[in-house]
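# Coordinate analysis (summary)
Each chain, written out:
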Amino acid sequence: MKKDRRVKPVNRRDFIRRGLHIFSGITIGGLTGLLFSKSSSEEMVWQLDPNICVQCEKCAVNCVLPHSSVKCVHSYSMCGYCDLCSGYLQPGAKSRDTGAEHQLCPSGAITRTFVEEPYFQYTIDEELCIGCGKCVKGCISFGNGSLYLQNRHDRCLNCNQCSIARLCPSQAWKRVPASRPYILRGDESQRYQKG
Amino acid sequence: MDTKKPKTDRLITGLIIFLSVVGILYFGGRAIYENTRRNQENPFEYDVEGFKRSGADRVSHHEVRRIQLDLEHVLAIAIGPNDELYVSGDSFICALDKEGRVLNRIETVGPVHCLAVDENGDVYAGLNDHVEVFDNLRIKKSSWNSPGKEAIFTSIAVSPTAIFVADAGNLVIWKFDKAGDLLQRIGDKDEAKDVHGFIIPSPYFDVAIDPDGFLWAANTGRHTLENFTPDGDLRTAWGEFSMEIEGFCGCCNPTHFIILEDGTFVTSEKGLPRVKIYNRLGEFVSVVAGPDLFREGTVGLDLARDSTQRIYVMDPVQKAVRIFEAKPDWEGSE
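Residues numbered from 1 in each chain as written. Chains lettered and ligands numbered in written order. Predicted model: local features only at pLDDT ≥ 70, side-chain atom pairs only at ≥ 80, totals over all residues. Heavy atoms only, no water.

## Some points on helix H5 (residues 186-194) of chain A
All names here are of chain A.
- Those residues of H5 not exposed but buried are Glu188, Ser189 and Tyr192. Looking straight down H5, one finds its buried side chains confined to an arc of 105°; they lie on one side. Facing away from the buried side of H5, by more than 90 degrees, are the exposed residues Gln190, Arg191 and Lys194.
- Phi turns positive one or two residues past the end of H5, at Gly195, with a value near 85°. (Buried < 20%, exposed > 50% of the residue type's maximum accessible area, 1.4 Å probe, protein only. Helix = DSSP H or I, 4+ residues; strand = E, 2+ residues; numbered from the N terminus. Arc of directions from axis to C-beta.)

Structure (structure tokens):
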């Protein structure tokens, strides 16, 4: 006996029903995949690698915020507590004091405090710091690089396309896990890595 | 009928168009110029270019030879009793002849940050916190005990009877005998004796022995070279801060120094990378190599001298040993 090999014609109702089934399957699968990928991959944020940064001073002006989210931070474990701090004083400063004309910082964001002869402590006022990195350049050129720049996440909007990263001449900006959003120096770095 | 009116209208229209074009060209050009100028000017620029030119008319030496090194990290140099050159880098030390050919090479357990060679050809290598001694770079003779976990050895000076090791971690100089037994700790702060101690903000702390056998050390935070008696008491010191050529620049210089046979000092600095000569009294004499000879970011110019008083400068950025000789026509060479 011969089988009837003729294909049964698909009517419009079946066609729409099957189409809806396939569309629903793809949608549910896609959403499940998206949710799974979101839950398994950590959120990433922007950060400036101080070991690559060349202190071009563009972080101060390229951020979308009115005051850049990039600020100078200080590794106290590395700092030499120098009387003649090349991050605080102008290169040709006539005297080592807190006179505005001797200070390197254009916004006066660094405070110099006497510790004991001949040591001084330097503290960054983040409200005043504009992230120009002028002090960082002075410190890294003549000192040991205890002053460096970091993107502060209490201010950063974490834009998809960071305008500072896009224009960074040394490609020092990278995405880092939100759970470890800073790239620190000195003993602070070791403590930070240990959590 | 007034035929003049259309002519006047055309004149006025033409004038308006002309003025508009001139205005657009003027203001547009000015805006472009201002924008370009604004982009070129950097209000936050850290500028030390003026200081780099200081002393350009006082250059007494010229580079006569350059030995390129096949090393990832060049760390220290020393000259042996027969003018052979010892170089440390990565995790080994090698001896080179005058032409730069490798005579011998030995691996070390870690990076060697400072080197010294005695009159017998024994090589003293300062690893992070201890000294290892090699017999002419053939075999390891001994490995000395570390004075502590905090130690960061940065320089070794050899006298006929003792070895002095600068420790930037503990801010002292350790005096050992040649067997590696610790004899003395030099340079601690002592207010009763008015000894202020070493201030070493960055890990550059050099020591050397002068022709009279006295120990000298670079107190970089004070911008001075300090002289000690054999018992470790401070005898004298000289040096001052200045961004100009006469002094030591930045927070902490000189990073390295050597003493020539006639007792003059050769110093090197960071920040403004420059190599200079001072007489026995600490008075500036001349420039061996100015900042124009080094790339930006050059730090750690280790120095050595051979028996003909040529000055060897280790350039860690260009990964080379650069040899400088006094210019025959230098006015101050007498």
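## Digging into the sheet that holds strand S12 (residues 172-176) of chain B
All names here are of chain B.
- Taken in spatial order, the four strands line up as S10-S11-S12-S13 in an open sheet, and their pairing is antiparallel. This sheet does not close on itself; its edge strands, each paired only once, are strand S10 (153-158) and strand S13 (182-186). Here the strands of the sheet are splayed against their neighbours by 20° on average, with no regard to which way each runs.
- Summarising the sheet, S10 and strand S11 (residues 163-167) pair through five bridges and their orientation is antiparallel. The residue bridging Val158 from the neighbouring strand is Ile163, located in S11. (Pairing = 2+ DSSP bridges. Axes fitted to C-alpha atoms, helices over the stretch in contact; angles between N-to-C directions.)

## Digging into the pattern of salt bridges
- Overall, the coordinates contain 25 salt bridges over all chains when judged by the stated rule.
- Residues A:Lys137 and B:Glu296 are paired through a salt bridge, measuring 3.4 Å at the closest nitrogen-oxygen approach. Here the residue A:Lys137 occupies a position in helix H3 (residues 134-142), and B:Glu296 occupies one in the loop between strand S21 (284-289) and strand S22 (303-305), the pair thus bridging two chains.
- Take B:Glu296: its relative accessible area is 66%, and that puts it in the exposed class.
- One connected set of salt bridges, linked through shared partners, spans A:Glu126, A:Glu127, A:Arg152, A:Asp154 and A:Arg155. (Salt bridge = Lys/Arg side-chain N within 4 Å of Asp/Glu carboxyl O.)

## Brief notes about the confidence of the model for chain B
- Across chain B, the average pLDDT comes to 91, with 95% of residues at or above 70.
- What the predictor reports for the complex is a pTM of 0.81 with an ipTM of 0.74. (pLDDT = per-residue confidence, 0-100.)

## Side note on the state of the cysteines
- All chains considered together, the criterion is met by one disulfide over all chains.
- The side chain of B:Cys251 participates in a disulfide bridge whose partner is B:Cys252; the two sulfur atoms lie 2.4 Å from each other. The pair formed by B:Cys251 and B:Cys252 is uniform in burial state, with each residue classed as buried.
- No disulfide involves A:Cys139; its nearest neighbouring cysteine sulfur is the one of A:Cys85, lying 6.1 Å away.
- Cysteine A:Cys168 is unpaired, with the sulfur of A:Cys56 as its nearest cysteine sulfur at 5.9 Å.
- The exposure class of A:Cys168 is buried, given its relative accessible area of 10%. (Disulfide = S-S within 2.5 Å.)

## A short note on the interface of chain A and chain B
- Between chain A and chain B, the residue contacts involve 26 residues of the former and 24 residues of the latter.
- Buried surface at the junction of chain A and chain B, both sides included, amounts to about 1,900 Å², of which 66% is carbon and sulfur.
- Looking only at chain A, the three residues that lose the most surface to chain B are A:Leu84, A:Pro91 and A:Phe142, adding up to 35% of its buried area.
- Between chain A and chain B we count one salt bridge in total.
- There are five residue pairs in polar contact (both at pLDDT 80 or more) connecting chain A and chain B.
- When residues of the side of chain A that touches chain B are traced back to their parent elements, those giving at least two are helix H2 (59-62) and H3 of chain A.
- Looking at the side of chain A that touches chain B element by element, the count peaks at five residues for H3(A). (Contact = heavy atoms within 4.5 Å. Buried area = accessible area lost by both parts, 1.4 Å probe. Polar contact = N/O pair within 3.5 Å; in protein donor to acceptor, adjacent residues only side chain to side chain.)

## Remarks on the environment of B:Ala217
All names here are of chain B.
- Along the polypeptide, Ala217 turns up in strand S15 (residues 215-219).
- Its relative accessible area of 0% is what places Ala217 among the buried residues.
- Separated by 70 residues in sequence, Ala217 and Val287 have C-alpha atoms that sit 21 Å apart.
- Excluding residues that lie within four positions of it along the chain, Ala217 makes contacts with Ile173, Phe198, Phe205, Asp206, Val207, Thr224, Leu225, Glu226, Phe228 and Phe257.

## Let's talk about the packing of aromatic side chains
Residue and element names in this part refer to chain B.
- Applying the stated rule across the entire model yields 13 aromatic pairs over all chains.
- Note on Phe198 and Phe205: the rings are 4.8 Å apart at their centroids and 55° apart in plane angle, and the pair reads as tilted.
- Among the residues examined, Phe198 registers a relative accessible area of 4% and is labelled buried.
- An aromatic cluster of at least three residues, connected via ring pairs, comprises Trp216, Trp238, Phe248, Phe265, Tyr278 and Phe284. (Phe/Tyr/Trp six-rings, centres within 6.5 Å; stacked < 30°, edge-to-face > 60°.)

## Side note on the pairing of strand S3 (residues 85-89) of chain B
All names here are of chain B.
- When you tally the buried positions in S3, you get five out of five residues, the bulk of the element.
- Covered by surrounding structure in S3 are Leu85, Val87 and Gly89 together with Tyr86 and Ser88, the residues of both alternating faces.
- Examined bridge by bridge, strand S2 (residues 74-79) and S3 share five bridges and lie antiparallel to one another. Its bridge partner lying in S3, Ala78 is registered against Tyr86.
- Note: S3 against strand S4 (residues 92-96), five bridges, orientation antiparallel. In the sheet register, Tyr86 faces S4, and the bridge partner there is Ala95.
- Here S3 folds back onto S4, and the loop between the two strands holds two residues, one of which, Asp90, carries a positive phi near 50°.

## A short note on the pairing of strand S18 (residues 256-259) of chain B
Residue and element names in this part refer to chain B.
- Burial along S18 is two-sided: His256 and Ile258 and Phe257 and Ile259, pointing in opposite directions, are all buried.
- With four bridges joining them, S18 and strand S19 (residues 265-268) adopt antiparallel strand pairing. Opposite Ile259, over in S19, you have Phe265 as the bridge partner.
- Linkage of S18 to S19, two consecutive antiparallel strands, is achieved through a turn of five residues, within which Gly263 is found at a positive phi near 90°.

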